[in-house]
Amino acid sequence: MKGEADKRFPVIVVGGGVAGLTAALDLARAGRPVHLIEKSAVLGGQVTRLDKLYPTDHCAFCPVWTQARLCLGHPLITVHTHSCIEDVTQGKEMGKKQEQGLIQIIICRDLNRIDPGRCILCGRCEKVCPENAVSPTICHALPRTFLVDINACTGCGKCVAVCPTHAIDLERKQDRIKILAENIIWATGFAESEVSVLPELGYGSHPNIMTSLAFEALLSESGPGRGHVLTPGGKVPRRIAFVQCAGARDQRKFAYCSAVCCMHALKQARWVKQRDPGMDCVIFFTDMRTEGRHYYNYYRQAVQEYSIVLVRSRPGLICPLPSGDGLAVRYENTRTGQVKTERFDLVVLNGALEPCQKADKGSAPLPLTDDDGFIGKPSNPALACGFCRAPADVEVSVVQASSAAMGAYMGKGINGKD
Ligand code: SF4
Ligand code: SF4
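Bear in mind that the values here come from a model prediction, so they are computed numbers and not experimental data. (Residues numbered from 1 in each chain as written. Chains lettered and ligands numbered in written order. Predicted model: local features only at pLDDT ≥ 70, side-chain atom pairs only at ≥ 80, totals over all residues. Heavy atoms only, no water.)

1. So, the site of ligand 2
Stage number 1. Looking at ligand 2, there are 13 residues lining it, with Cys119, Cys122, Gly123, Cys125 and Cys163 nearest.
Stage number 2. Class assignment for the residues of the shell around ligand 2 results in 10 nonpolar, 2 polar and 1 charged. (Near = heavy atom within 4 Å. Nonpolar A, V, L, I, M, F, W, Y, C, P; charged D, E, K, R; others polar.)

2. Things to note about the sheet that holds strand E2 (residues 34-37)
Stage number 1. Pairing within the open sheet is parallel, and its 5 strands lie in the order E5-E2-E1-E11-E22. Edge positions in the sheet fall to strand E5 (77-80) and strand E22 (383-384), since each of these pairs with one other strand and no more.
Stage number 2. Where strand E1 (residues 11-14) meets strand E11 (residues 183-186), 4 bridges bridge the pair, whose relative direction is parallel. Among the inter-strand pairings, Val11 is bridged to a residue of E11, identified as Asn183.
Stage number 3. Strands E1, E2, E5 and E11 of the sheet are contacted by helix H1 (residues 18-29), whose axis makes an angle of about 170° with E2. (Pairing = 2+ DSSP bridges. Helix = DSSP H or I, 4+ residues; strand = E, 2+ residues; numbered from the N terminus. Contact = heavy atoms within 4.5 Å. Axes fitted to C-alpha atoms, helices over the stretch in contact; angles between N-to-C directions.)

3. Overview of the pattern of salt bridges
When the charged atoms of two side chains lie near each other, side chains of opposite charge can form a pair.
Stage number 1. Evaluated as defined, the whole model comprises 19 salt bridges.
Stage number 2. Note that Glu342 and Arg239 form a salt bridge whose closest N and O atoms lie 3.0 Å from each other. In this pair, Glu342 is assigned in strand E19 (residues 339-344) and Arg239 in strand E14 (residues 239-246), connecting sequence segments 103 residues apart. As far as burial versus exposure is concerned, Glu342 and Arg239 are alike and both buried.
Stage number 3. A salt bridge links Asp325 to Arg343, with the shortest nitrogen-to-oxygen separation between them at 3.3 Å. Taken as a pair, Asp325 in the loop between strand E17 (317-320) and strand E18 (327-332) and Arg343 in strand E19 lie far apart in primary sequence, 18 residues in all. (Salt bridge = Lys/Arg side-chain N within 4 Å of Asp/Glu carboxyl O. Buried < 20%, exposed > 50% of the residue type's maximum accessible area, 1.4 Å probe, protein only.)

4. Some words on the environment of Cys356
Stage number 1. Mapped onto the secondary structure, Cys356 falls in helix H8 (residues 356-359).
Stage number 2. For the pair Cys356 and Val88, spaced 268 residues apart in the sequence, the C-alpha separation amounts to 18 Å.
Stage number 3. Not counting residues up to four positions away in its chain, the partners in contact with Cys356 are Lys39, Thr188, Gly189, Phe190 and Ala191.

5. Thoughts on the sheet that holds strand E7 (residues 103-110)
Stage number 1. With respect to topology, 3 strands assemble into an open sheet ordered E6-E7-E10, the strand pairing being antiparallel. The two strands at the open ends of the sheet, each matched to only one other strand, are strand E6 (83-90) and strand E10 (174-181). Here the strands of the sheet are splayed against their neighbours by 20° on average, with no regard to which way each runs.
Stage number 2. Alignment of E6 against E7, held across 7 bridges, turns out to be antiparallel. For Ser83, the partnering residue across the bridge sits in E7 and is Arg109.

6. Focus: the domain arrangement of the protein
Stage number 1. Segmentation of the protein into domains returns domain 1 (11-111 + 173-191 + 354-410), domain 2 (115-170) and domain 3 (194-351).
Stage number 2. In this complex, domain 1 contributes 10 residues to the contact, which on the side of domain 2 involves 6 residues.
Stage number 3. For the pair domain 1 and domain 2, the summed buried surface comes to about 690 Å²; carbon and sulfur atoms form 76% of the total.
Stage number 4. Here domain 1 is connected to domain 2 by 0 salt bridges.
Stage number 5. The class makeup of the residues in the side of domain 1 that touches domain 2 is 7 nonpolar, 2 polar and 1 charged. (Domains from an automatic or database assignment. Buried area = accessible area lost by both parts, 1.4 Å probe.)

The structure is reproduced here in structure tokens:
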């Protein structure tokens, strides 16, 4: 059916991460027009911040980049970056008879001053800007373009004068478009929660206490160490602590489990050991949640083949040593009852993840969410996939995305049947 434009109204997919890209492509391949709405400048979402995916340890970027490229090139998919949903009006609230049963969506596009459809990436604008206000998106980002930092731009117009394709319009601001759609799929993903609100974790007191996504960037092949394990100060760490459930399964912050952190910590610790088997990796965990055969084997290998140490504990204090030479982690091993303080060079906090719609408080009209901000309430007919529905990793998000696409194709969801 590919390429046969469906005569029906489009489906809106909100979120250009791995779940949204999958849902959009599935629908388009089934002949359904799609509007894909992404709030940032590029597609790919949080997966673009990962270097590797568990349990294969394959490159995280390649599959998501391929999906993004296919979406951008598909004739039935219209991609709106820098955009968000401003209003959703459901069928029965709309006036005209022919529009009943449809959803009216207002999309607010916070337009980049540079039109990616015209920009040929020549880089002249960047060279002439006296304020360094123009920069390219990262080299594999899609859509690839240049961006103007409006806070740094003085409006001198030098970039406009040199642009050979008239891609730059400094007056371009926001616009709004109205779309009548048959259905809407929410795939808005997750945001990292703030860990500094838990003072016992010591976040912010030393650069070597970092979040797991910051550690991923540090470790990555394209990172500052080019794949070598280094501290932010460029030293080789000998002992690394991974602290699980930093804010998750904690009544003070998030009562739920984020579902991805145990496997994510095992992946990072294995990766450290692959590069330098002499480094000590200790994971402080609440429960090691590695469901299913492949994930469990991944965990077993981590312990048996990579000698990663697992300690059942939630550290009560993490702080820089007075000597300045490392970090102290004080904890109770809840299996043995022993209380200890150990020295580490790096501490990686696996903080709780929260659904984007909760983190972005009130930035978009949303379907019903539960008390934790997830859309996956059983009584809620809205179609949702990935982390915005319930805590889920990439594998689960992709399956849910295909399921949501099928639901939209069959007319289920916000305006249809359960
Ligand atoms: S208008 Fe001037 S300051 Fe602004 S981006 Fe262009 S060259 Fe830079
Ligand atoms: S000068 Fe124009 S075409 Fe060249 S990179 Fe800048 S915006 Fe793109």
